[in-house]
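Chains, contacts and geometry: an overview
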Amino acid sequence: MRNALGLMLASVVAAVVIAAGGWFYYSARADQGAPKTVAARAADPLPAPAKFAARDDVETTATVAAKPAAAAPAPAPMPAQPKQACANPNALGVSRVVEIDTTGGPGFGFDHFKQFDFLTEKEVVLTFDDGPWPVNTPAVLKALADECTKGLFFSVGKHATYHPEILKQVLAQGHTVGTHTWSHVNLNGKKMTEQMAKDEVEKGVSAVKFALGANPAPFFRFPQLQHNPAIVSYFGTRNVAMFSTDVDSFDFRKGATPEKIIETVMTRLDKLGKGIILMHDFQKNTGIALPALLARLKAGGYKVVQMKAKTTMQTLPEYDEALMKDMKVPTAGTNTRPIASVVQTVSQ
């Protein structure tokens, strides 16, 4: 019995020793681990040179990536217009269509810009300023439609807001629509500041967009062909092509009868052999003269070139908002939606 009691006592002592040893072992491991963890955190920061180098790498990468990020989103392509069959078998028509990349603000029309000589012999571009206007613009559109040919229209912003339905017809018939300032003011006037000139340009663009329900082409003609140097430079940053002329019809002058307009254009054109023709769809006699002028062009072997833009011109939000405020138009945002997204025929 003593032996059994001794064995039992020995087992208890052994268990106590083992438990105490295990506690001492794990306590020691925990005590050793704490300094190591602290030491590792203290060593985390990189040495000063390495830290600056890493920061420089991040900044350099960000700078490179910021160039495309900072640029404005790529403008949407010009909306394609449905091609309509020509009912006139002997029409003047369009000999070719050229697409203009307006990056950097190129200029056209040898009266002021001589870099891009893209027209070949007997080629003309038909351009019209100052519209849209009742009676006169529709007369021009009819003459062009009868000959199945196309033109380039530089619209005045105010006129566009007066008669948006006419400007929509211009675009719907496949013509190119550019801009011509808000109020046709001389941008080189004595009291004209650079900011005032910019406001005239940008508000005009916003007005044309409002009237069309779509972005216009990034094409611009200076009123009175008065090229403000600051705005010329500005258009380089806005990627807007500028237009002068080769052949001025002088249809705005007193005494410019339809016959006189035709004679002025053809005399100058026959001398040059080709060119961009400047006319005004704001002038009544231009619409009257146009059918006969187009006939003269065809008889003389001239061919019409249509100019289109590779992209559309994006308006600036602050000018869109200012226009809406001036016109007292609700600014809930729905006014810019195309009608097809607002009104749909579901049964007929």
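Check the entry above for the structure.
In short, a report on the structure. (Residues numbered from 1 in each chain as written. Predicted model: local features only at pLDDT ≥ 70, side-chain atom pairs only at ≥ 80, totals over all residues. Heavy atoms only, no water.)

**Describing the overall build of the chain**
Along the backbone of the chain there are eleven helices and ten strands. Each of the 348 residues in the chain was classed as buried or not, and the buried ones make up 38%. Across the chain, every contact between residues at least 6 apart in sequence was considered, and the portion connecting residues at least 24 apart equals 81%. When the accessible surface of the chain is totalled, it reaches about 20000 Å², and 61% of it is carbon and sulfur. (Helix = DSSP H or I, 4+ residues; strand = E, 2+ residues; numbered from the N terminus. Buried < 20%, exposed > 50% of the residue type's maximum accessible area, 1.4 Å probe, protein only. Contact = heavy atoms within 4.5 Å. Areas by Shrake-Rupley, 256 points an atom, 1.4 Å probe, with all protein chains shown as cover.)

**A few points about the packing of aromatic side chains**
All told, the structure shown has twelve aromatic pairs when counted by the stated rule. Three or more aromatic residues link up through ring pairs in this structure, and these residues are F108, F116, F118, F154, F219 and F243. A cation sits over an aromatic face here: K203 above W182, 4.4 Å from the ring centre. Above the face of the F250 ring, R253 is positioned so that its terminal group lies 3.9 Å from the ring centre. (Phe/Tyr/Trp six-rings, centres within 6.5 Å; stacked < 30°, edge-to-face > 60°. Lys NZ or Arg CZ within 6 Å of the ring centre and 35° of its normal.)

**Here we look at empty space enclosed by the protein**
Using the criterion set out here, one finds one cavity of 30 Å³ or more in the structure. What the largest cavity holds in volume is close to 40 Å³. As for the largest cavity, its lining consists of F128, D130, G131, P132, T137, F153, F154, S155, L167, V170 and D281. When contributions to the lining of the largest cavity are tallied by element, the ones reaching two or more residues are β4 (152–155) and α5 (164–172). It is β4 that contributes the most residues to the lining of the largest cavity, three residues altogether. Partitioned by chemical class, the residues of the lining of the largest cavity number six nonpolar, three polar and two charged. (1 Å grid on protein atoms, 1.4 Å probe; cavity = no way out; pocket = protein on both sides within 12 Å on 5 of 7 lines; lining within 4 Å. Points joined across faces, edges and corners; volume = space filled by probe spheres on them. Nonpolar A, V, L, I, M, F, W, Y, C, P; charged D, E, K, R; others polar.)

**Examining the pairing of β4**
Side chains of β4 alternate between two faces, with L152 and F154 and F153 and S155 buried alike. With three bridges connecting them, strand β3 (residues 123–129) and β4 associate as parallel partners. Opposite D129, over in β4, you have F154 as the bridge partner. Once you follow β3 into helix α3 (residues 136–146) and on to β4, the crossover reads as right-handed. The pairing of β4 with strand β5 (residues 176–179) spans four bridges and is classified as parallel. Each bridged residue has a counterpart across the sheet, and for S155 the counterpart in β5 is T179. (Pairing = 2+ DSSP bridges. Right-handed = clockwise from strand over helix to strand, strands pointing away.)

**What to know about the nonpolar core**
Core analysis: the biggest nonpolar cluster contains 33 residues, and L126, F128, L144, L167, I277, L290 and L294 have the highest contact counts within it. Grouped together as the second largest cluster of nonpolar side chains are 16 residues, V205, Y234, M242 and L316 included. (Core = buried A, V, L, I, M, F, W, Y, C linked by side-chain atoms within 4.5 Å.)

**Focus: the state of the cysteines**
Taken as a whole and judged by the stated rule, the model has one disulfide. One disulfide bridge connects C86 with C148, the sulfur atoms lying 1.9 Å from each other. Taking the sign of the torsion about the S-S bond as the criterion, the disulfide between C86 and C148, at about 90°, is right-handed. On the criterion of sequence distance, the pair formed by C86 in the loop between α2 (48–70) and β1 (96–100) and C148 in the loop between α3 and β4 is long-range, its members being 62 residues apart. The exposure class assigned to C148 is partly exposed, which follows from its relative accessible area of 22%. (Disulfide = S-S within 2.5 Å.)

**A closer look at α3**
All of the buried residues in α3 are N136, T137, V140, L141, A143 and L144. In an axial view of α3, the angular spread of the buried residues amounts to 160°, which keeps them on one side of the axis. Contacts made by the buried residues of α3 are with β3, β4, α5 and α9 (284–299). Trailing α3 by a residue or two, C148 shows a phi angle of about 50°, which is positive. (Arc of directions from axis to C-beta.)

**Quick look at the packing of helix α6 (residues 194–212) against helix α7 (residues 229–238)**
Each pair of packed helices can be described by the angle between their axes along with the distance between the axes. Packing of α6 against α7 brings their axes to within 10 Å, and their N-to-C directions diverge by 50°. Comparing the axis directions of α6 and α7 gives the class oblique. Where α6 crosses over α7, the handedness of that crossing is right-handed. On α7, the residues that touch E194, A197, K198, V201 and E202 of α6 are A230, I231, Y234, F235 and R238. (Axes fitted to C-alpha atoms, helices over the stretch in contact; angles between N-to-C directions. Parallel < 35°, antiparallel > 145°, perpendicular 65-115°, else oblique. Left-handed = near helix turned anticlockwise from the far one by under 90°.)

**Side note on unusual backbone geometry**
P132 follows G131 through a cis peptide bond whose omega is 0°. When you line up the elements, P132 lands in the loop between β3 and α3. A positive phi angle, near 70°, is found at V135, a position not held by glycine. Tracing the chain through its elements places V135 in the loop between β3 and α3. Residue classification places V135 among the exposed positions, given a relative accessible area of 62%. The backbone phi angle of F250 is positive, close to 50°, even though this residue is not glycine. As for its position among the elements, F250 is in the loop between β8 (247–248) and α8 (258–272). On the accessibility criterion, F250 (29% relative accessible area) is partly exposed.

**Looking at the side chain of K203**
By the element assignment, K203 lies in helix α6. Those residues in contact with K203 that sit more than four places away from it in its chain are W182, Y319, L323 and D326.

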